[in-house]
Amino acid sequence: MQKAIMPAAGAELELIISDLNSDGGSVARHEGLVYFLDKGLPGEQVLARVSSVKKNLVEANVTATLRPSPHKVTPFCRHFGDCGGCPWQDLDYEAQLMWKRGRVEATLARIAKLEADVPPVIASPARQGYRNKMEYAFAPDGVGVALGLRRRASLDICPIDFCPLQSPESGAVLRAVREWAAKHAFSAWDGQRGVLRYLVLREPAYQPEGKPERMVELICGEVPPAPAQQELWATLGALGVTSFMVSQRRNRLALAKGEKTVRRFGRETLREKIGHLMLEFPAQGFVQTNTAAATLLYGQVRSLAALKGGETVWDVYSGVGSLGLFLADQASALLGLELEKEAVRIAIKNAAALGFSHCRFVAGDAAKMLPAQNGQPHLLVTDPPRGGMSPTLIPVIKAKSPDKIIYVSCDPATLARDAAALAPKYSLEEIRVVDMFPHTPHIETVALLRRTDI
């Protein structure tokens, strides 16, 4: 077999794109080599310039589109192509759903060696204005402060006036914060020091008495003076913001999470309704980002759980209790385990507000705490972070032997890895996909795994 000839960096060649990848780029195959491109859609013929060459793959940047994809549409955001937030705006929505379905099937086959029958992806009810949370970042721009979203695969900032994935009112908040920062000449975090780091904007879909709740968290390196904080709160309050908090983060890791709260204004928590479930959550509490799609997602969990009323449910990575509490009215007992103490406090409060006396939430490492729990659950539900379940947790779950496991995942690769680790004691019986993040490669799945010895 003739060895593929590797192109030199800087070389230009014509390619036909055959696939999309999980980071928003595309894939082409040419003369025995795989080309990873920075953009492009399946079916497009493009001109690309090679940027780097590795063992059997080449990275390249698309310089021109010679023939567009039949699935290409006009993007709705003027920042498309600069902002890295939603790289599939120019791909027809039905094609997005088809690709996500195919990626789940391919990932399960490649990593877990499972030939899963994945049904069509359940579409998001909304394709714009669906995000109830957005993390904006500050950066120096040479003359002042830039506020916006990251460019793709970069820490550079694309200044944003308004993101169509949030409400129209969010643009007024961004403008007000930008003007406030300029007035006081506050510096932006440069990687080591500075005042302004992140602006987190939460907009729950739930609107009590028709009035929206809106929370703004300003994450700082150095904390602005108290009078300036008060001034910003007055401005934001006039724009309908009901909660404002200033937090501090000195750790240099680029993460939009404050290490300590400096000051709070207005409501300390927000409320969200997912289907029949009313939840309260703090600024840093996890709630699914697309509320309408989350209702569909949790409905799939409820359907797959098929509880009769007498079952015991354990919820691992329980957060503020949302997934377990969504099932609690059909269970005889619920135990939630969560590492974050504040989330557990809110989960206990949520259970009490719902009148659920049969629910218990405990703070701690599930891998260390599960062995001490009495009994055996009928159902274990889990919605772990993108990195999947802790490797030390999986053998503990297998030892506790729940009859069924329902695994909610935002990354098919870690779901496949964990499903393989749970085998052969557990087999994947059913999987469903809900599109929580239109116009992005992100995929949300619900998997039902059943014990093979019952």
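Quick look at the structure, then. Keep in mind that what you see is a predicted model, and the values were worked out from it rather than measured. What you see as residue numbers is a count from 1 along each chain, following the sequence as written. The predicted nature of this model means local features are confined to residues of pLDDT at least 70 and side-chain atom pairs, given and counted, to a pLDDT of 80 or more, with totals for whole chains, interfaces and linings taken over all residues. With hydrogens and water excluded, all non-hydrogen atoms of the structure serve as input to the side-chain values.

This next bit is on the overall build of the chain. Within the chain, the regular secondary structure consists of nine helices and 21 strands. Over its C-alpha trace the chain gives a radius of gyration of 24 Å, about what one expects of a compact globule, namely 22 Å for 454 residues. Along the first, second and third principal axes, the C-alpha atoms of the chain reach 65 × 65 × 40 Å. Each residue's exposure class comes from its accessible area (1.4 Å probe, protein chains only) as a fraction of the maximum for that residue type: buried when under 20%, exposed when over 50%, partly exposed otherwise. Per-residue burial over the chain gives 50% buried out of 454 residues. We call two residues in contact whenever any of their non-hydrogen atoms come within 4.5 Å of each other. Sequence separation of 24 or more characterises 64% of the internal contacts of the chain that already satisfy a separation of 6 or more. Comment: elements are numbered from the N terminus, with helices defined as DSSP H or I runs of at least four residues and strands as E runs of at least two. Every radius of gyration here is taken over C-alpha atoms, with the globule rule written as 2.2 Å times N^0.38, N being the number of residues.

The next thing to look at is the pattern of salt bridges. Salt bridges are identified by distance alone: a Lys or Arg side-chain nitrogen within 4 Å of an Asp or Glu carboxyl oxygen. A full pass over the atoms with the stated rule returns 24 salt bridges. In this structure, Arg 151 and Asp 82 form a salt bridge, with 2.5 Å as the shortest nitrogen-oxygen distance. Of this pair, Arg 151 sits in the loop between strand S7 (145–150) and strand S8 (157–159) while Asp 82 is found in the loop between strand S5 (57–67) and helix H1 (93–112), placing the two residues 69 residues apart along the sequence. Owing to a relative accessible area of 29%, Arg 151 belongs among the partly exposed residues under this scheme. Since its relative accessible area comes to 34%, Asp 82 is described here as partly exposed.

Another point: the packing of H1 against helix H9 (residues 412–422). How two helices sit against one another is set out by the angle between their axes and by the gap between those axes. Here the axes come from fitting lines to C-alpha atoms, over the contacting stretch only for helices, and the angles between their N-to-C directions go from 0 to 180 degrees. Look at H1 against H9: their axes get within 9 Å of each other, and the N-to-C directions meet at 40°. As summarised for this structure, H1 and H9 are arranged oblique, according to the angle between their axes. Every pair of crossing elements has a handedness; the one defined by H1 and H9 is right-handed. Between H1 and H9, the residues in contact are Arg 103, Val 104, Thr 107, Leu 108, Ile 111 and Ala 112 and Pro 412, Ala 413, Ala 416, Arg 417 and Ala 420, respectively. Roughly parallel covers angles under 35 degrees, roughly antiparallel covers those over 145, roughly perpendicular covers 65 to 115, and oblique covers all other angles. By definition, any crossing whose near helix is turned counterclockwise from its far helix by less than a right angle is left-handed, and any crossing with a clockwise turn is right-handed.

Ordered by their spatial adjacency, seven strands build an open sheet running S17-S16-S15-S18-S19-S21-S20, and the pairing between neighbours is mixed. For this open sheet the edge positions go to strand S17 (359–363) and strand S20 (426–434), each flanked by a neighbour on one side alone. The sheet shows a mean angle of 15° between the axes of neighbouring strands, taken without regard to direction. Where helix H6 (residues 341–353) meets the sheet, its contacts fall on strand S16 (333–338) and S17, and the angle it forms with S17 comes to roughly 170°. A pair of strands is treated as paired once DSSP finds two or more bridges between them.

Our focus in this paragraph is the nonpolar core. With 78 residues, the main nonpolar core has Tyr 136 and Leu 325 as its most contacted residues. In terms of residue count, the dominant contributor to this core is helix H4 (residues 291–305) (seven residues). Excluding anything up to four places from it in sequence, Tyr 136 contacts Leu 147, Gly 148, Leu 149, Ile 160, Cys 163, Gln 166, Leu 174, Arg 197, Tyr 198, Leu 199 and Leu 201. Grouped together as the second largest cluster of nonpolar side chains are 39 residues, Leu 20, Val 121, Leu 337 and Ile 405 included. As used here, the term nonpolar core means buried Ala, Val, Leu, Ile, Met, Phe, Trp, Tyr and Cys residues forming a set that is joined through side-chain atoms within 4.5 Å.

Time to look at unusual backbone geometry. Look at the link from Ala 423 to Pro 424: it is a cis peptide, with omega at 0°. Mapped onto the elements of the fold, Pro 424 is located in the loop between H9 and S20. Even without glycine at this site, Ala 185 takes up a positive phi of about 55°. Along the chain, Ala 185 falls in the loop between helix H2 (169–184) and strand S9 (196–202). Even without glycine at this site, Tyr 317 takes up a positive phi of about 65°.

On to the packing of aromatic side chains. Two rings from Phe, Tyr or Trp (for Trp, the six-membered ring) form a pair when their centres are within 6.5 Å of each other. A pair whose planes differ by under 30 degrees is stacked, one over 60 is edge-to-face, and the rest are tilted. Tallied over the full model, the rule gives six aromatic pairs. Ring centres of Trp 88 and Trp 99 lie 5.0 Å apart, and the angle between their planes is 85°; this geometry places the pair in the edge-to-face category. Note that Trp 88 is positioned in the loop between S5 and H1 and Trp 99 in helix H1, a separation of 11 residues in sequence. For the pair formed by Trp 88 and Trp 99, the shared burial category is buried.

Turning our eyes to something else, we now look at the pairing of strand S14 (residues 277–281). For S14, a buried count of four out of five residues is recorded, marking the element as mostly surrounded by other parts of the structure. The pairing of strand S13 (residues 270–274) with S14 spans five bridges and is classified as antiparallel. Looking at S14, one finds that Glu 272 is bridged to Leu 279. In this antiparallel pair of consecutive strands, S13 and S14, the connection spans two residues, and Gly 275 shows a positive phi of 60°.

Across the five residues of strand S15 (residues 312–316), four count as buried, placing the element largely inside the fold. Sheet topology places S15 next to S16; five bridges connect them, and they run parallel. Each bridged residue has a counterpart across the sheet, and for Trp 314 the counterpart in S16 is Leu 335. Classification remark: right-handed applies to a crossover when, strands pointing away from the viewer, the course from the first strand over the helix to the second runs clockwise. Traced from S15 through helix H5 (residues 322–327) to S16, the parallel crossover comes out right-handed. Bridge count between S15 and strand S18 (residues 379–382): four bridges; the pairing is parallel. Across the sheet, residue Val 316 finds its bridge partner in S18, namely Thr 382.

Right, let's get into the side chain of Glu 213. By the element assignment, Glu 213 lies in the loop between S9 and strand S10 (215–220). Under the relative-accessibility criterion, Glu 213 is labelled buried at 3%. Not counting the four nearest positions on each side in its chain, Glu 213 is found in contact with Arg 202, Glu 203, Pro 204, Tyr 206, Pro 208, Thr 242, Arg 267, Leu 270 and Arg 271.

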